[in-house]
Amino acid sequence: MEFKDHVCELLNTIDACQVFFDITVNFDLTRNYLDLVVTYTTLMIILSRIEERKAIIGLYNYAHEMTHGASDREYPRLGQMIVDYENPLKKMMEEFVPHGKSLSDALVSLQMVYPRRNLSADQWRNAQLLSLISAPSTMLNPAQSDTMPCEYLSLDTMEKWIVFGFILCHAALNSDAAALSLWKLALQSSTCLCLFRDEVFHIHKAAEDLFVNIRGYNKRINDIRECKEQALSHAGSMHRERRKFLRSALKELATVLADQPGLLGPKALFVFMALSFARDEIIWLLRHADNIQKKSTDDFIDKHIAELIFYMEELRAHVRKYGPVMQRYYVQYLSGFDAVVLNELVQNLSVCPEDESIIMSSFVNTMTSLSVKQGVIFDGEVFDFRGMRLDWFRLQAYTSVSKASLGLADHKELGKMMNTIIFHTKMVDSLVEMLVETSDLSIFCFYSRAFEKMFQQCLELPSQSRHSICFPLLCTHFMSCTHELCPEERHHIGDRSLSLCNMFLDEMAKQARNLITDICTEQCTLSDQLLPKHCAKTISQAVNKKSKKATGKKGEPEREKPGVESMRKNRLLVTNLDKLHTALSELCFSINYVPNLIVWEHTFTPREYLTSHLEIRFTKSIVGMTMYNQATQEIAKPSELLTSVRAYMTVLQSIENYVTIDITRVFNNVLLQQTQHLDSHGEPTITSLYTNWYLETLLRQVSNGHIAYFPAMKAFVNLPTENELTFNAEEYSDISEMRSLSELLGPYGMKFLSESLMWHISSQVAELKKLVVENMEVLTQMRTSFDKPDHMAALFKKLTSVDSVLKRMTIIGVILSFRSLAQEALRDVLSCHIPFLVSSVEDFKDHIPRETDMKVAMNVYELSSAAGLPCEIDPALVVALSSQKSGHCNNIHCLAKAINQIAAALFTIHKGSIEDRLKEFLALASSSLLKIGQETDKMTTRNRESVYLLLDMIVQESPFLTMDLLESCFPYVLLRNAYHAVYKQSISANA
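Residues numbered from 1 in each chain as written. Predicted model: local features only at pLDDT ≥ 70, side-chain atom pairs only at ≥ 80, totals over all residues. Heavy atoms only, no water.

J.: Describe the overall build of the protein chain, naming the residues involved and giving the relevant values.
T.: On a plain count of helices and strands, the protein chain comes out with 44 helices and 6 strands. Computed over C-alpha atoms, the radius of gyration of the protein chain comes to 46 Å, more than 25% over the 30 Å expected from 2.2 N^0.38 for 991 residues, which places it beyond the range of a compact globule. A buried classification covers 48% of the 991 residues belonging to the protein chain. Summed over all atoms, the accessible surface of the protein chain reaches about 49,600 Å², with 54% contributed by carbon and sulfur. A gap of 7 Å separates the mean positions of the 101 positive and 118 negative side-chain charges of the protein chain. (Helix = DSSP H or I, 4+ residues; strand = E, 2+ residues; numbered from the N terminus. Rg over C-alpha atoms; globule rule 2.2 N^0.38 Å. Buried < 20%, exposed > 50% of the residue type's maximum accessible area, 1.4 Å probe, protein only. Areas by Shrake-Rupley, 256 points an atom, 1.4 Å probe, with all protein chains shown as cover. Lys, Arg positive; Asp, Glu negative; His and termini not counted. Charge placed at Lys NZ, Arg CZ, Asp CG, Glu CD.)

Quick look at the structure:
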């Protein structure tokens, strides 16, 4: 209500003073006058659209009564205003009759500006608009215009002035041909105008409804209908062609300025014109696409809109980056040229009152005193021309009234020169404000669905994905649409800008991740073709060809060899991999465009989004490439998985060519997690999968007698059985596969594997302890009677569960044999990667004194074991057993390793002398075996020679026993005869 009163009072004062309005002369005064009229009109229209407005003011009055004890004295007037403005434009048309002349004069002054701005794309193209290189000889000349501020004045703003202005002073349409021409041109350009944010005003329907009740306006109504048809049929295509022209024009402008930023000084006007033109076209499309009034929507769908926004952002970035260049240029321009010209104009004035003379003299003095050395202009705070611009606004008001001694209407050159000077001052101290004025796109905040749809279209079109970064950059504009009089919406708009920016960057990273995954899949397929398993057919064909045998059916196509995909017959042949790389390079350009962007005091880093997505996908891919099937217990061979992982890593490393990210950090984070039992999300890793498979599948089949360990081959091999196994044990346990496993799991993963193996051994030892407790008395007597053969034989028969002891010790031996394979593979791998460190650890282990404290020695052994080096005492087994505080088909050869390592671990735990205890064991064992040699019973002497060899293997495996010690208690001739007998037995068995 107060606003309305002030507006009416101000309009009456302007009419009384007969103020002169001309947008090309007193630009600020005319612009603010027209803005006032349009703001007033818009406010009344929006007020009439509030359905519950009467209830709201009624509640306000009731609340006022409860608070102050009386109703608001202005309430009757407010209520009457609400009633009067039910049809706001009709009421305002009556209200603006006295203001018609001033308003129409101001609007008609646009005839030199608006038609020049509202041209077709072909006319722009013929005039080579915005081109810096069309006339190379004038490239360094400053861009000049008599109507400098009008050049970047928003077309949308002018159309609102014209449409609302001529609705309010419609009489001018009948009397002034220029007014009618402006009115028609505006009606033909758009079907709706923006009232506020996403609230729109449908021009033709509203104007027709208003004029239909006015007598003699049939011609105007026909004009409106013709213009509507023209707008519906041609406006869409006209604006589409404009956007097409602006895309190429802005691209050229941005490219030239990036190469020669010094041109931002003389050609600053071109930059702000380009930004304003592009912003008008984008807002027009956004508004009309949301309010389509025709069946065909092709003109309102622009899949290349992202490119136009991107070049706008590029120009904005140039202005921000090279702002000091522009400031330095215009400081010198103001002091060296503008001050001189203005001084001449002032001197030539025939009449100049004292007040006006003082103001204009201050203008000249201010500009003359300017100097680049005045301060550090890069801060943008040293120069402040706001006072000068405000003085010029006052001077426009003084000199535009009818009775002014110095009339601006008679001195238009002065007004045009001052408008140019004001633009130059803005180039020094108001660059940020100029960017907001000419290129602010915060309106996207209120068109979220259209905004997201444009983003999706941009990502779907590979040629446009390089411009997708413009959408997160637009989110930085949103806070400029907030107002200090409405602080409560800052949080709402801020949150929306953050959520949209986060969503855009996340989608871009996902799209890049998917492209990278597809490339990795293709490369893994190509790497898989090079695996040894695929060469069998090629070798077979070569052998058959050499032996002149038929290679197969006639017409059978020859198998393509790996690498054939790289052979190109011509440059036009594009493979799927080429398309993926092209799409990825385009999208990565966008992700790498800015290192970070700040939205509502939050910093976003696009590259980190990509890094986090790559980590998650790499983790899932590694686990997925194991192809582990819990039902069938199938799993990929370690060597094949390693090949796939390396192919994957090669592709990921190539990403550094597109985006400035540290891919090594991704590898470290992912691969280190894969060496643990679970990753950071609690999901199983390749370490847990392979550990589980080797323990529960491979080694369990060894225990069942389907697989045997062959030391000479250093591998586990399938045995011929009735039920064939689904996998070949040798393909999972030979030295190359174990090395591949060590490469994948690393020292941490292999340590976890060892710990899991030791846990199984400790469970077997627990069972052995139970058996020892059962036979404790007999074993105690045997220990003291090993030199009494007859007594020993009698005691041996009293032992129970002898076969169970043998079986459990064999299982322990099998597990330890597998672990020795794993440790040896780990040692080989580490020797390749860190040879100097491994040799240092090995040297440290070999030279540890015998008298060293056992705790210190165990630390050394643990370090050595982690490097895959064999130790006298297995630290992993010691840890496993200390926690218990409460080659042949039957794998019997594994007993030697089991006896030695179990003995060393147990005697270490129980603080006994390992060497003394093993000597005692050797004495007992040799005595028992010599006694067997004297037996004649066939059951007692079966496999006697094999047991002799087992004793020899125990001594060979042990670091504490020597062959000299064995010969002192067991004749070597028996061992030689035993080797001969076992060999003959194996020959006869094979025969």
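Next comes the rest of the description.
J.: Lay out the nonpolar core with the relevant residues and their values.
T.: Counting 229 residues, the largest nonpolar core has Leu250, Phe272, Phe444, Leu698, Leu699 and Phe716 as the members making the most contacts within it. Ranked by residues supplied to this core, first place goes to helix α15 (residues 268-289) with 15 residues. Counting contributing residues, this core receives three or more from each of domain 1 (1-49 + 97-440) and domain 2 (686-793 + 815-872). Ignoring anything within four residues of it in the chain, the contact list for Leu699 reads Tyr694, Phe716, Leu757, Val814, Ile815 and Phe818. Judged by nonpolar contacts, the second largest core, of 66 residues, contains Val37, Met81, Phe96 and Leu195. (Core = buried A, V, L, I, M, F, W, Y, C linked by side-chain atoms within 4.5 Å. Domains from an automatic or database assignment. Contact = heavy atoms within 4.5 Å.)

J.: Describe the environment of Thr685, and please don't skip the residues or the numbers.
T.: Here Thr685 is to be found in the loop between α29 (663-674) and α30 (686-703). Through-space distance from the C-alpha of Thr685 to that of Lys54 is 67 Å; in sequence the pair is 631 residues apart. A distance of 2.4 Å separates a polar atom in the side chain of Thr685 from the backbone oxygen of Gln676. (Polar contact = N/O pair within 3.5 Å; in protein donor to acceptor, adjacent residues only side chain to side chain.)

J.: Could you give an account of the packing of helix α27 (residues 606-625) against α29, naming the residues involved and the relevant values?
T.: Packing of α27 against α29 brings their axes to within 10 Å, and their N-to-C directions diverge by 35°. The element α27 and its partner α29 pack so that their crossing is right-handed. Here Glu608, Thr611, Leu614, Glu615, Phe618, Thr619, Ile622 and Val623 of α27 come into contact with α29, specifically with Ile663, Arg665, Val666, Phe667, Asn669, Val670, Leu671 and Gln674. (Axes fitted to C-alpha atoms, helices over the stretch in contact; angles between N-to-C directions. Left-handed = near helix turned anticlockwise from the far one by under 90°.)

J.: Residues and numbers for a nonpolar patch on the surface, please.
T.: Taken together, Val772, Val773, Met776 and Leu779 make up a surface patch of nonpolar side chains, about 330 Å² in accessible area. Of all elements in the fold, only α32 (735-774) and α33 (776-784) reach the threshold of two or more residues within the nonpolar patch. Following the sequence through the fold, Val772 ends up in helix α32. (Patch = residues over 30% accessible without salt bridge, like charges linked within 9 Å, V, L, I, M, F, W, Y side chains within 5 Å. Salt bridge = Lys/Arg side-chain N within 4 Å of Asp/Glu carboxyl O.)

J.: Hey, could you go over the packing of helix α20 (residues 412-429) against helix α21 (residues 431-439) for me, with residue numbers and the actual values?
T.: Packing of α20 against α21 leaves a shortest axis separation of 6 Å and a crossing angle of 110°. Here α20 lies roughly perpendicular to α21, going by the angle between them. Contacts from Phe423, Lys426, Met427 and Asp429 in α20 reach Leu431, Glu433, Met434 and Glu437 in α21. In terms of residue class, the contact of α20 with α21 is made up of 4 nonpolar, no polar and 4 charged. (Parallel < 35°, antiparallel > 145°, perpendicular 65-115°, else oblique. Nonpolar A, V, L, I, M, F, W, Y, C, P; charged D, E, K, R; others polar.)

J.: Can you lay out the packing of aromatic side chains for me, pointing to particular residues and giving the numbers?
T.: Evaluation of the coordinates by the stated rule reveals 35 aromatic pairs. A connected cluster of aromatic rings, assembled from ring pairs, spans Tyr690, Trp693, Tyr694, Tyr709, Phe716, Phe727, Tyr732 and Phe818. Looking at Lys267, its charged tip hangs above the ring of Phe270, at a distance of 5.4 Å from the centre. Its end group placed over the ring of Phe589, Arg466 keeps NZ or CZ at 3.9 Å from the ring centre. (Phe/Tyr/Trp six-rings, centres within 6.5 Å; stacked < 30°, edge-to-face > 60°. Lys NZ or Arg CZ within 6 Å of the ring centre and 35° of its normal.)

J.: So what about helix α26 (residues 576-591)? Which residues, and what values?
T.: Counted at 1.5 Å a residue, the expected span for α26 with its 16 residues is 22 Å, and the 23 Å between its end C-alpha atoms agrees. Tucked inside the fold, the buried residues of α26 contact α22 (448-460), α24 (489-528) and α27. (Expected span 1.5 Å × (residues − 1).)

J.: Go over the pattern of salt bridges, please, and point to the residues and values.
T.: The full count for this structure, using the stated rule, is 43 salt bridges. Note that Glu208 is salt-bridged to Arg225, the shortest N-O span being 2.8 Å. Within this pair, whereas Glu208 is found in helix α13 (residues 203-211), its partner Arg225 is found in helix α14 (residues 218-259), the two being separated by 17 residues in sequence. Arg819 serves as the salt-bridge partner of Asp874, at 2.4 Å between the closest nitrogen and oxygen. Here the residue Asp874 occupies a position in the loop between α37 (854-866) and α38 (875-882), and Arg819 occupies one in helix α35 (residues 802-833), the gap between them amounting to 55 residues. Considered together, Asp874 and Arg819 belong to a single accessibility category, that of buried residues. One salt-bridge network, held together by shared partners, links Arg243, Arg247, Asp302 and Glu307.

J.: Just give me the short version of unusual backbone geometry, but keep the residues and values in it.
T.: One non-glycine residue, Gln18, adopts positive backbone phi at about 50°. Inspection of the secondary structure puts Gln18 in the loop between α1 (2-17) and α2 (27-48). A positive phi is found at Lys714, a non-glycine position, where the angle reads about 55°. Positionally, Lys714 belongs in the loop between β5 (707-710) and β6 (715-718). On the basis of relative accessibility, which here comes to 34%, the residue Lys714 falls in the partly exposed class.

J.: Account for the environment of Thr24, with residues named and values stated.
T.: Turning to its location among the elements, Thr24 is positioned in the loop between α1 and α2. Since its relative accessible area comes to 10%, Thr24 is described here as buried. Along the primary structure Thr24 and Cys150 are separated by 126 residues, whereas in three dimensions their C-alpha atoms are 7.2 Å apart. Setting aside residues no more than four positions away along its own chain, Thr24 makes contact with Val113, Asp146, Thr147, Lys416 and Asn419. Polar side-chain contacts of Thr24 include one of 2.8 Å to the side chain of Asp22.

J.: With reference to specific residues and values, describe the pairing of strand β2 (residues 199-202).
T.: Of the strand pairs in this sheet, strand β1 (residues 192-196) and β2 are connected by 4 bridges, and their pairing is antiparallel. Bridge pairing links Cys194 to Val200 in β2. What sits between the antiparallel neighbours β1 and β2 is a turn of 2 residues, in which Arg197 has the positive phi angle 60°. (Pairing = 2+ DSSP bridges.)

J.: Break down the pairing of β6 for me, citing the residues and quoting the values.
T.: Regular strands have side chains that alternate between both faces of the sheet. Here β5 pairs with β6 via 4 bridges, running antiparallel. In the sheet register, Ala708 faces β6, and the bridge partner there is Val717. Hairpin geometry of β5 and β6 is characterised by an intervening segment of 4 residues between the two adjacent antiparallel strands and by a positive phi of about 55° at Lys714.

J.: Go over the state of the cysteines, please, and point to the residues and values.
T.: With the rule as written, the count across this model stands at 0 disulfides. The thiol sulfur of Cys194 is not disulfide-bonded, and the nearest other cysteine sulfur, from Cys192, lies at 9.0 Å. No disulfide involves Cys227; its sulfur sits 15 Å from that of Cys192, the nearest cysteine. (Disulfide = S-S within 2.5 Å.)

J.: Describe the side chain of Gln764, with residues and values.
T.: Looking at the secondary structure, you find Gln764 in helix α32. Each residue touching Gln764, except ones within four places of it in the same chain, is listed here: Arg808, Ile811 and Ile812.

By themselves, these are just geometric observations and shouldn't be taken as functional.
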